[in-house]
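Structural description and commentary
For reference, the chains in residue letters:
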Amino acid sequence: MSDDVKDAGLVAMISSILGGNKRADIVAPPPLAEVPPTAPTHGFEPVAAVPDAAPAKPDPASDAAPAAAKPAEPPVKIATTPDGRKLLPAETIADLVLGELRKMEDFPATGASVTVYGYRHWNAMITFAPFSTSFQNATRFRQAMPDLVLKLRRFVALEI
């Protein structure tokens, strides 16, 4: 067997293992809703606050005065830009992007991470752990990212 035939066979074998020149079909991402994004719940339902139980009777041997009730703190106010967008840190925006991606069909439960970078015109990048999803699905999710980022930029600005 000549070296050219061996090389052609080796190239064919490598191409068949790696998928050759097959490209993922370009699939139009699903249309995104025109509503502001919600924070991901990570599978947990919100729970109503549990009322405090009646305080126990103080020990007569103890001279300690009952602790003063703490005043309720006002909710944390989220800073906004002059055009009405919320200023959020990169980690929170990454959670929002990941939460929106999790709504897509076949998105992996684990093994995906989103990195938010930039400043004024921030952007997001998604990476997948090995074997967390298929090549075609990863391509589909990456194609949906630009539309998702454009949608989120209308509601959210990156805080420095």
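Residues numbered from 1 in each chain as written. Predicted model: local features only at pLDDT ≥ 70, side-chain atom pairs only at ≥ 80, totals over all residues. Heavy atoms only, no water.

Check the secondary structure of the protein and you find 3 helices and 4 strands. The buried share of the protein, taken over its 160 residues, is 22%. Of all intrachain contacts in the protein linking residues separated by at least 6 positions in sequence, the fraction that spans at least 24 positions is 62%. Carbon and sulfur atoms make up 61% of the accessible area of the protein, which totals about 12600 Å². (Helix = DSSP H or I, 4+ residues; strand = E, 2+ residues; numbered from the N terminus. Buried < 20%, exposed > 50% of the residue type's maximum accessible area, 1.4 Å probe, protein only. Contact = heavy atoms within 4.5 Å. Areas by Shrake-Rupley, 256 points an atom, 1.4 Å probe, with all protein chains shown as cover.)

So, about the environment of glutamate 159. By the element assignment, glutamate 159 lies in the segment after strand E4 (156-158). Through-space distance from the C-alpha of glutamate 159 to that of isoleucine 93 is 9.7 Å; in sequence the pair is 66 residues apart. When sequence neighbours within four positions are dropped, the list of residues in contact with glutamate 159 reads Leu87, Leu88 and Pro89.

What follows concerns unusual backbone geometry. Of note, the phi angle at aspartate 106 is positive, near 65°, even though the residue is not glycine. With respect to the helices and strands, the residue aspartate 106 is situated in the loop between helix H2 (90-101) and strand E2 (112-117). In the Ramachandran plot, phenylalanine 131 falls in the positive-phi region, its phi being about 65° despite a non-glycine side chain. Within the secondary structure, phenylalanine 131 sits in the loop between strand E3 (123-128) and helix H3 (135-153). Residue phenylalanine 131 is classed as exposed on the basis of its relative accessible area, which comes to 83%.

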